[in-house]
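# An overview of the molecular structure
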Amino acid sequence: MNANEFDVIIIGGGITGAGTQRDCAMRGLRTLLIERSDIATGATGRNHGLLHSGARYAVNDPESAEECIKENMILRRIAAHCIDETDGLFITLPEDDLAYQQTFVDACRRAGIGAEIIDPELARRMEPSVNPDLIGAVKVPDGSVDPFRLCAANMLDAKLRGGQVRLHTEVTGFIKEGNTIKGVHTVNRQTGEKADYYAPVTVNACGIWGQHIAELAGVKVGMFPAKGALLIFAHRVNNVVINRCRKPANADILVPGDTVCVIGTTSTRIPFEECDHVAVTPDEVTLLITEGAKLAPSLSSTRILRAYAGVRPLVSADDDPSGRNISRGIVCLDHETRDGLKGFITITGGKLMTYRLMAEIATDAVCRKLAIEKACETADIPLPGSEEKSYEAVAQKIWEAPTTAQKAAASRMGTRASRIRTGNKRDDALICECEEVSVGEINAAIDRLEVSTLTDLRRRTRVGMGTCQGEFCACRAAGLLAKAHGCIERERKDLEDFLQERWKGNFPIGWGDTLREAEYTQWVYKHVLGL
Amino acid sequence: MKLQEYTESKHNFEECMKCTVCTAYCPVLQANPLYPGPKQAGPDGERLRLKDPYFFNQALKYCLNCKRCEVACPSGVNVADLIQSARIKYDHTPPKLRDVMLANTDFMGKLARPFAPIVNGVTGLGITKTVLDATLKIDHHRTFPKYSGTSFEGWLKRHRKEQAAFPEQVAYFHGCYVNYNYPQLGKDLVKVLNALGVGVQLLEKEKCCGIALIANGMSAQARKHAEHNVEQLRQAVTGKGLKVVTTSSTCTLTMREEYPNLLGVDNADVRESLLLATRFIYEKLEKGAQLKFKPGYHKKVAYHTPCHLEKMGWGIFSQKLLQMIPGVEFTLLDSNCCGISGTYGFKKENYEVSQAIGEPLFAQIRSVNPEVVACDCETCKWQIEMSTGYTVMNPISILAEAIES
Amino acid sequence: MKFDTVIIGGGLAGMVAGITLEKAGKKTAIISTGQNALHFFSGSFESLQEPEQRIVDLFSEAGVRLHYSPGVRLMPLGTFRESALALEDIDIFPSAQFARKVLIVNFLGYHDFFSSFLADGLEKQGMSCRVRFLNLPEMEKLEQSPSEMRSVQIARTMDRVWEKVVQEVRVLLKDEDTVVLPQVFGLQDMSVPGRIRQGIPARVVFAGTLPPSVPGLRTQILLKQRYQLLGGTYFMGDEVVRAHMHDGVVHSVATKNLDNHYIEGDHFILATGGYFSKGLVSNPFQVFEPVFGLDVEYNEDRNAWYNPAFKEDQPYMHFGVKADENLHALKDGQPVENLYVAGSVLGNNRPEFGTAAGKAVRTALKAADEILKV
């Protein structure tokens with residue numbers, strides 16, 4: 001057996017790809033995941049991180065709502081360390097129609113979502129930051145989910161089951177024999193190294209970029225890119241998800257996530273060519289702050305950490321080339337039946353919430369092609385790290401008297417935190433003080449989680465995600481990466497890229513304390529350190 | 001409404017730029033590696049505590065609340081307030097008996113004063129110290145401040161009539177120390193103020209400012225003291241139109257700053273009328289009042305700015321007053337913490353850290369070799385006297401000594 | 001309280017102005033919100049190419065020795081930057097090829113000194129490098145705290161145990177002609193860097209670390225001491241909240257700590273720094289000067305404040321308070337005759353002053369000179 005041969009190749013390191021790889025690996029397949037940049041760099045890492053209860057879709061899209069609540073309950077079981085069971089509120093403000101509340105609750109109940117009308121006063125106590133003017137509130141089982149952690153855990157589980165991963169590797173073309181896809185040509189974007197990989201089935205799980213991959217394979221998948229912009233605030237203003245109880249609109253969800261909270265989103269149709277270069281405009285920033293402050297008034301005086309935008313992978317229905325009939329549902333295309341192209345499957349549409357179901361559908365399709373009859377188990381077996389329900393329990397089990405950094409590590413890694421080398425003061429030393437990331441945690445990520453750049457490291461550990469946005473930790477972490485990879489020149493460039501990436505999210509909201517921090521970062525890196 | 005136009009975040013901890021300057025000025029960090037430091041304990045920790053109170057760190061108790069981090073912070077972050085507020089909000093461990101005893105300075109004072117000679121004799125005994133050390137974990141190196149046989153309140157009440165005869169009046173918040181341990185300081189203040197034509201009266205009924213209660217985790221009790229004292233101040237300030245003076249920098253800071261910032265007790269209507277006596281006297285002299293100094297007075301004085309006065313920025317008034325006295329040879333000591341921080345240094349577990357923190361100050365005092373060290377804080381006085389053997393006097397007492405009676 | 005000149009801002013510009021005025025017999029006060037940008041000082045005055053002797057003297061009287069020798073200095077990430085005037089312990093080399101064989105010594109567990117980047121940078125210049133780590137038992141206490149292996153804390157330890165470093169380096173040293181050490185020496189005891197140089201039989205170069213900067217902190221301590229010894233009054237940790245102006249001149253300022261006790265002055269110098277120090281404040285709509293509401297030069301279109309590329313020059317960093325030729329601040333287009341502007345709060349449209357540290361010193365001297373002329 002050739003080292004470059006697999007049972008299935010999955011293109012795309014988003015949550016769908018990583019989830020599909022895990023599912024395939026659990027069904028006994030030899031898997032390879034290929035991603036042109038890092039895991040969770042597309043829509044996976046560029047959304048709210050909302051663990052939807054499905055309530056948002058209950059009125060207009062009952063099918064999605066039902067999918068959401070089912071997956072919501074599954075993720076609570078299998079992905080405990082990626083999930084924060086915060087609950088959510090759908091609030092009615094004086095300018096909203098209170099009559100909608102009943103329509104909404106009825107629809108939720110039909111979809112199986114536990115929605116409960118509560119007294120506005122109770123809502124204010126439940127979430128002190130909520131707009132005190134609210135006239136109605138419904139409590140739903142929303143939560144928050146860390147998409148980076150979820151994606152990494154899926155990838156890690158696939159690896160633990162023998163799967164292989166090639167990050168920063170781009171598919172440049174397909175190896176075709178007649179009307180059958182036999183494998184892919186790739187190039188490593190960091191080293192320029194080229195490689196071919198072979199498998200009887202290839203899964204296109206590239207989200208919005210799936211259109212391009214399909215084109216390379218010679219088939220057409222019509223995507224309709226819709227940009228959504230979001231803002232991250234510098235601390236956790238709310239501990240309960242806040243939504244508006246009305247027809248879904250712009251900037252009407254505020255989600256607490258780890259040490260921050262996120263307001264979003266907008267929706268703007270963009271040309272496909274812009275997918276790689278989405279930027280947040282000043283108008284979007286204004287809209288997000290204005291609407292956000294209606295959910296939680298203190299947002300108008302809270303420091304904003306970053307602005308970012310993602311592109312939703314919406315798919316046009318096959319029979320409607322105009323794109324008017326767009327589905328937000330899951331789309332799985334077997335190109336053999338659809339286009340006569342064998343060995344190629346596209347899985348797209350859907351949402352972060354339903355990634356596991358998408359992976360199950362895609363894996364079922366793969367298994368049918370390979371004539372494998374093993375049933376899906378991803379709804380039952382916890383992801384690595386999620387074997388315990390709470391991080392308090394995890395921390396207490398590993399360390400008798402956990403330090404702040406150890407508590408933080410347990411909250412990020414779940415039971416995998418036991419892998420952190422610890423008990424040695426040098427491993428316990430802090431690299432990132434804002435988010436409490438130790439040398440040991442960083443080295444654990446470098447060892448097991450496919451880290452090649454500082455930005456990759458950030459997605460695995462939260463290094464540089466805190467208030468200072470990497471001002472102090474970036475160069476410390478660069479030292480550790482340089483040691484791990486043995487290449488200073490590459491690390492120097494990496495450090496520049498990292499700072500550029502941080503600045504990209506800072507300048508659209510560059511005023512007040514954010515601008516002060518930016519000036520200080522400029523000063524430290526350019527004038528003090530001499531980058 | 002123009003959103004985000006208020007560039008200073010309402011959430012003060014977000015103004016932290018992570019520059020780490022505060023850590024360079026934290027006296028505890030240099031002496032105790034178990035303390036996470038002001039940045040980690042303050043603004044960094046706050047974000048985590050908002051995520052989950054589970055991230056509250058018991059090591060915050062090592063903070064002295066000296067507020068040097070706040071003085072140093074270029075961003076105006078109330079670092080020490082964040083730390084103390086977190087302790088109030090999240091630390092629910094009941095205080096130890098020892099801490100309750102140390103914290104209730106006025107109660108202990110009331111109890112001990114009538115038996116002053118006996119109590120002083122007993123607490124000074126080696127055997128008592130050993131017992132206190134072993135049972136209550138009060139460090140045996142410490143000597144309890146002696147209790148005075150007559151209280152200051154008693155003394156001033158006896159002189160009420162002559163004080164009332166002065167054309168101008170102030171109220172005096174004397175605090176526990178002057179009342180129970182060292183009435184002489186109160187008498188010195190009366191002498192100086194009388195020389196300026198100002199008579200002194202008591203508040204109707206003051207209670208301990210409560211700083212030791214806050215420091216020892218008894219914030220509910222502290223809040224009661226605060227509410228009581230603010231009401232008392234209000235009677236004097238708005239009721240009688242008086243200014244209220246103090247001779248303790250810590251009582252002053254507590255009532256002006258900690259009441260609203262830590263205990264949530266509004267003092268806005270009385271805050272600006274509550275002054276350290278040196279500021280009150282300086283302002284009087286600036287406006288033309290005169291003090292008559294003894295001819296031939298000479299004293300070599302080294303002035304130590306207590307942490308809480310450094311935070312208030314009022315050390316300047318005490319310094320300028322001392323420099324005004326003919327015959328005073330004045331040295332301003334570098335601004336360093338003495339390490340005692342009220343009841344902190346009395347605790348056995350803090351003794352070594354406390355002495356290590358104070359060492360730079362002690363070394364400088366020894367090298368200056370003054371006749372007396374001047375300082376506006378009673379607990380600094382105990383610490384410096386115990387650690388260096390030099391006598392410490394409140395600037396008011398030096399002033400009283402230097403003027404004609 | 002009344003002074004001849006009240007200086008708002010206690011950084012490099014404020015202290016240089018204060019020292020100059022005190023030396024001329026004036027009674028001055030400095031009001032400083034907290035510590036200042038000297039804590040991030042690289043140790044080099046990039047833009048002071050030909051220093052006036054009075055600048056060198058002013059620093060040296062405070063115990064801060066400067067040296068002037070145009071060339072390049074070594075940056076912490078292994079690059080080189082042009083320099084001419086610097087603190088005594090910051091080396092300036094005629095060229096980047098300043099050595100043949102270099103021993104770079106770091107402390108084990110210290111992540112704020114970039115020894116591998118330094119080695120890479122020096123090797124690019126044709127030098128051969130060896131990196132070694134010291135493991136001193138004296139550092140154990142520091143290392144017990146996960147966040148305190150930082151420059152200032154190490155420097156405090158080094159003030160006591162620097163001789164151990166000399167001994168250890170002597171053991172490590174083979175045939176290297178140069179030793180590179182982190183700038184963590186001589187915080188309280190200024191003689192330490194010089195004594196380390198004497199003790200090690202090779203050229204010793206001190207390379208920078210992540211802030212706080214130990215040489216910068218030392219400069220701050222010495223300048224402040226000098227200012228206070230001259231009789232200056234330094235209000236540390238206080239903030240001017242309001243200015244009182246009548247008929248176009250400033251009479252007094254109110255501060256947070258002194259509430260209704262105003263600080264009066266004949267002259268005022270505004271040296272409050274840039275955004276970091278809140279000398280300039282920004283919101284989504286404007287950049288403004290918060291104390292006096294002075295005229296600020298900035299672009300009204302927020303999009304024009306930034307260059308999307310981090311490494312490029314950032315337009316917002318050039319914004320600042322407008323001033324006339326003699327550094328009088330402008331308010332509503334008119335110069336305020338007793339208010340001068342110095343340092344980073346001043347817009348960068350005056351290239352003759354240079355940038356940052358150099359600009360702080362030059363504008364502070366000029367403001368002081370203008371006041372002394374009156």
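First things first, this report covers the structure right here in the doc. (Residues numbered from 1 in each chain as written. Chains lettered and ligands numbered in written order. Predicted model: local features only at pLDDT ≥ 70, side-chain atom pairs only at ≥ 80, totals over all residues.)

What chain A contains, in helices and strands, is 18 helices and 24 strands. Here chain A has a C-alpha radius of gyration of 23 Å; the compact-globule value for 531 residues is 24 Å, and the two agree. Principal-axis analysis of the C-alpha atoms places the extent of chain A at approximately 65 × 55 × 45 Å. Taking the contacts inside chain A whose residues are at least 6 apart along the sequence as the reference set, 70% of them involve residues at least 24 apart. (Helix = DSSP H or I, 4+ residues; strand = E, 2+ residues; numbered from the N terminus. Rg over C-alpha atoms; globule rule 2.2 N^0.38 Å. Contact = placed C-beta atoms within 7 Å.)

Before going further, it helps to examine the overall build of chain B. Scanning chain B for helices and strands turns up 22 helices and 8 strands. On the principal axes, the C-alpha backbone points of chain B span a range of 65 × 60 × 40 Å. For chain B, with 405 residues in total, the buried portion stands at 57%. For chain B, the proportion of contacts with a sequence separation of at least 24, taken over those separated by at least 6, is 76%. (Buried ≥ 20, exposed ≤ 12 C-beta atoms within 10 Å, placed from the backbone.)

Let us now look at helix H5 (residues 79-90) of chain B. Residue and element names in this part refer to chain B. Along its 12 residues, H5 runs 16 Å from first to last C-alpha, staying within 8% of the 16 Å computed at 1.5 Å per residue. Within H5 the residues assigned to the buried category are Val79, Ala80, Leu82, Ile83, Gln84, Ala86 and Arg87. Buried residues belonging to H5 abut helix H1 (21-25), helix H3 (38-51), helix H4 (68-72) and helix H14 (211-215). (Expected span 1.5 Å × (residues − 1).)

Facing 41 residues of chain A, the contacting portion of chain C comprises 40 residues. At the level of secondary structure, the elements contributing two or more residues to the side of chain A that touches chain C comprise helix H13 (425-428), strand E23 (430-432), helix H16 (473-485), helix H17 (488-506) and helix H18 (512-528) of chain A. By residue class, the composition of the side of chain A that touches chain C is 20 nonpolar, 9 polar and 12 charged. (Nonpolar A, V, L, I, M, F, W, Y, C, P; charged D, E, K, R; others polar.)

So, about helix H8 (residues 282-295) of chain A. All names here are of chain A. Relative to the 20 Å expected for 14 residues at 1.5 Å per residue, H8 spans 20 Å between its end C-alpha atoms, a close match to the ideal helical length. Every buried residue of H8 is accounted for by Glu284, Val285, Leu288, Ile289, Glu291, Gly292, Ala293, Lys294 and Leu295. Considering only its buried residues, H8 is in contact with strand E14 (223-233), strand E15 (241-244), strand E16 (253-257), strand E17 (260-264) and strand E19 (304-316).

This next bit is on the pairing of strand E18 (residues 328-331) of chain C. Residues and elements named next belong to chain C. Pairing of E18 with strand E19 (residues 334-341) involves 3 bridges; the strand directions are antiparallel. Looking at the pairing, Leu330 lines up with Pro335 of E19. Linking two consecutive strands that pair antiparallel, namely E18 and E19, is a turn of 2 residues; a positive phi of about 50 degrees is found at Asp332 within it. (Pairing = 2+ DSSP bridges.)

It is worth spelling out the sheet that holds strand E13 (residues 201-204) of chain A at this point. The strands that make up a sheet pair up through hydrogen bonds in the backbone, lying either parallel or antiparallel. Residue and element names in this part refer to chain A. With mixed pairing, the 6 strands of this open sheet are ordered in space as E9-E2-E1-E13-E22-E21. Edge positions in the sheet fall to strand E9 (164-166) and strand E21 (330-334), since each of these pairs with one other strand and no more. Averaged over all pairs of adjacent strands, the angle between strand axes in this sheet comes to 15 degrees, irrespective of strand direction. Relative to E13, strand E1 (residues 8-11) runs parallel, the two being bridged by 4 bridges. (Axes fitted to C-alpha atoms, helices over the stretch in contact; angles between N-to-C directions.)

With that settled, the discussion passes to the sheet that holds strand E7 (residues 372-374) of chain B. All names here are of chain B. Taken together, 4 strands build an open sheet; the order of strands is E6-E5-E7-E8 and the sheet is parallel. Two strands lie at the open edges of the sheet, namely strand E6 (328-332) and strand E8 (391-393), each paired on one side alone. Shown here is a sheet whose adjacent strand axes are inclined to one another by a mean of 30 degrees, direction ignored. Where strand E5 (residues 299-303) meets E7, 3 bridges bridge the pair, whose relative direction is parallel. Each bridged residue has a counterpart across the sheet, and for Ala302 the counterpart in E7 is Val373.

Counting 428 residues, the largest nonpolar core has Ala477(A), Ile8(C), Val16(C), Ala17(C), Leu270(C), Ala342(C) and Ala364(C) as its most contacted members. Those residues in contact with Val16(C) that lie beyond four places of it in its chain are Leu58(C), Ala360(C), Val361(C), Ala364(C) and Leu365(C). (Core = buried A, V, L, I, M, F, W, Y, C linked by C-beta atoms within 7 Å.)

For the rest of this paragraph, the subject is the packing of helix H1 (residues 15-26) of chain A against helix H10 (residues 355-370) of chain A. All names here are of chain A. Close contact between H1 and H10 brings their axes to 8 Å; oriented N to C, the two are set at 50 degrees. Accordingly, the angle class assigned to the pair H1 and H10 is oblique. Judged by the twist between their axes, the crossing of H1 over H10 is right-handed. On the side of H1, the interface is formed by Ile15, Thr16, Gly19, Thr20, Arg22, Asp23 and Cys24, while H10 contributes Tyr355, Arg356, Met358, Ala359, Glu360, Ala362, Thr363 and Val366. Taken together, the residues of the contact of H1 with H10 break down into 7 nonpolar, 4 polar and 4 charged. (Parallel < 35°, antiparallel > 145°, perpendicular 65-115°, else oblique. Left-handed = near helix turned anticlockwise from the far one by under 90°.)

What follows concerns the pairing of strand E2 (residues 198-202) of chain B. Residues and elements named next belong to chain B. Burial along E2 is one-sided: the face carrying Val198, Val200 and Leu202 is buried and the face carrying Gly199 and Gln201 is not. The pairing of strand E1 (residues 168-173) with E2 spans 5 bridges and is classified as parallel. What sits directly across from Tyr172, in E2, is Leu202.

Here the focus is unusual backbone geometry. What you tend to see is this: most non-glycine residues have negative phi, and most peptide bonds are trans. Geometrically, the link from Gly264(A) to Thr265(A) is a cis peptide bond, its omega value of 0 degrees lying close to zero. Mapping Thr265(A) onto the fold places it in the loop between E17 and strand E18 (268-269). A cis amide bond links Pro211(C) with the next residue in sequence, Pro212(C), at an omega value of 0 degrees. Here Pro212(C) is to be found in the loop between strand E9 (203-207) and helix H7 (214-229).

Residues and elements named next belong to chain C. Residue position: Glu138 is located in the loop between strand E7 (128-134) and helix H4 (140-143). Taking the C-alpha atoms as reference points, Glu138 and Gly232, separated by 94 residues in sequence, lie 38 Å from one another. Once you skip the residues sitting within four places of it in the chain, Glu138 turns out to touch Thr157, Val161 and Lys164.

All names here are of chain A. At a minimum axis separation of 11 Å, helix H14 (residues 439-448) and H16 run at an interaxial angle of 40 degrees. Judged on the interaxial angle alone, H16 and H14 are oblique. Where H14 crosses over H16, the two elements pack in a sense that is right-handed. The residues of H16 that touch H14, namely those facing Val439, Ile442, Asn443 and Ile446, are Ala477, Leu480 and Ala484. Residue composition of the contact of H14 with H16, by class: 6 nonpolar, 1 polar and no charged.

Right, let's get into the environment of Val184(A). All names here are of chain A. Mapped onto the elements, Val184 comes out in strand E11 (residues 180-188). When the C-alpha atoms of Val184 and Pro248 are compared, they prove to be 41 Å apart, with 64 residues separating the residues in sequence. In this structure Val184 touches Ile9, Ile34, Val171, Phe174, Ile175, Tyr197 and Thr202, once residues within four positions along its chain are discounted.

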